[in-house]
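Below, each chain spelled out in residue letters.
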Amino acid sequence: MSDPIRTRRDGGVLEVVLDRPKANAIDLATSRALGLIFRDFRDDPELRVAIVSGAGEKFFCAGWDLKAAASGDAVDGDYGVGGFGGLQELRDLNKPVIAAVNGICCGGGLEIALSTDLIIAAEHASFALLEIRSGTVADAASIKLPKRIPYHIAMDMLLTGRWLDVHEAHRWGFVNEILPADRVMERAWELARLLESGPPLVYAAIKEIVREAEGSTFQTAMNKVTKRQFATVDRLYSSEDQLEGARAFAEKRSPIWKGQ
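Calculation rules
- Residues numbered from 1 in each chain as written.
- Predicted model: local features only at pLDDT ≥ 70, side-chain atom pairs only at ≥ 80, totals over all residues.
- Heavy atoms only, no water.
- Pairing = 2+ DSSP bridges.
- Helix = DSSP H or I, 4+ residues; strand = E, 2+ residues; numbered from the N terminus.
- Axes fitted to C-alpha atoms, helices over the stretch in contact; angles between N-to-C directions.
- Contact = heavy atoms within 4.5 Å.
- Expected span 1.5 Å × (residues − 1).
- Buried < 20%, exposed > 50% of the residue type's maximum accessible area, 1.4 Å probe, protein only.
- Right-handed = clockwise from strand over helix to strand, strands pointing away.
- Disulfide = S-S within 2.5 Å.

(A) Representation of the sheet that holds strand S7 (residues 118-122) within the structure. Strand order in this open sheet of six strands is S1-S2-S3-S5-S7-S10, and the pairing throughout is mixed. Each having just a single partner strand, strand S1 (5-10) and strand S10 (177-179) make up the two edges of the open sheet. On average, adjacent strands in this sheet sit at an angle of 20 degrees to one another, irrespective of strand direction. Pairing analysis gives three bridges linking S7 to S10, with the strands arranged parallel. Across the sheet, the residue bridging to Ile120 is Glu177, located in S10. Sitting on the sheet, helix H1 (residues 28-43) touches S1, strand S2 (13-18), strand S3 (49-54) and strand S5 (97-101), and the angle it makes with S2 is about 175 degrees.

Now the structure itself:
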């Protein structure tokens, strides 16, 4: 049996491709393997950006593998570090992640996409939360989706399981760009290269601030920033990169980011 996950590392970019025909659905073993991959990505100082996608032209990811569930995989089983799919509960992931959605993105697959920072989608991509039809709850999506798009649209998806085509998903704001299918990965790599060339300590601070501010008031979050109570902000403000950015601006040249 072939490996259900393919990875490719090029410079500071890690590409992760889910390859479980026919629907790229995720069972417990695959979820645990994804968790280890994303944990290692988080902890590797040489890696700066990740791209996650699905193999083939039809599915990004159909979410939880119901056939595996019928064979004994418990829906509340051990998904591994990072929770389902390795991303949505992975602590302190302060690096950008891009989803290259190449087709159907539903259930837990949509929850994985919602855990990334940018979503690039093919023209034929579609999105849904089908858990309601199988008598379970889209737990992560129930928490995240109403914060990403209008409440009533999120509730429509959660309560009815209806499909959104890529244009509606883009209109509601959880898809960044729509591209022909043969351009999706190319564009994802273009964005990854752009982010790879940027300041990693600033990215880390942005991600921690955004993540922590979700459960906080504006002023509380601002106070934590100004008092350097976020670890990433404290590191940034004491870094060589902070000085390099100021010097490069004054000298009218491109900065050289070292992540230090």
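After that view of the structure, there is still more to cover.
(B) Fine view of helix H8 (residues 200-213). For H8, spanning 14 residues, the distance from its first C-alpha to its last is 20 Å, which sits close to the expected 20 Å at 1.5 Å a residue. Among all positions in H8, only Pro200, Leu201, Tyr203, Ala204, Ala205, Lys207 and Glu208 are buried. As for H8, its buried residues are in contact with helix H7 (184-196), helix H10 (231-237) and helix H11 (240-250).

(C) Focus on the pairing of S2. A large share of S2 lies buried, amounting to six of its six residues. Side chains of S2 alternate between two faces, with Val13, Glu15 and Val17 and Leu14, Val16 and Leu18 buried alike. Hairpin remark: S1 followed by S2, antiparallel, with two residues in the connecting loop; positive phi at Gly11, about 65 degrees. Two strands pair when backbone bridges link them, and S2 and S3 are joined in this way by six bridges, in the parallel orientation. Bridging across to S3, Leu18 finds its partner in Gly54. Each parallel crossover has a hand, and the one from S2 via H1 to S3 is right-handed.

(D) Up close: the state of the cysteines. Here the structure, examined in full by the defined rule, presents zero disulfides. With no disulfide partner, Cys61 has as its closest neighbouring cysteine sulfur the one in Cys105, 7.3 Å distant. The class for Cys61 is buried, based on a relative accessible area of 1%.

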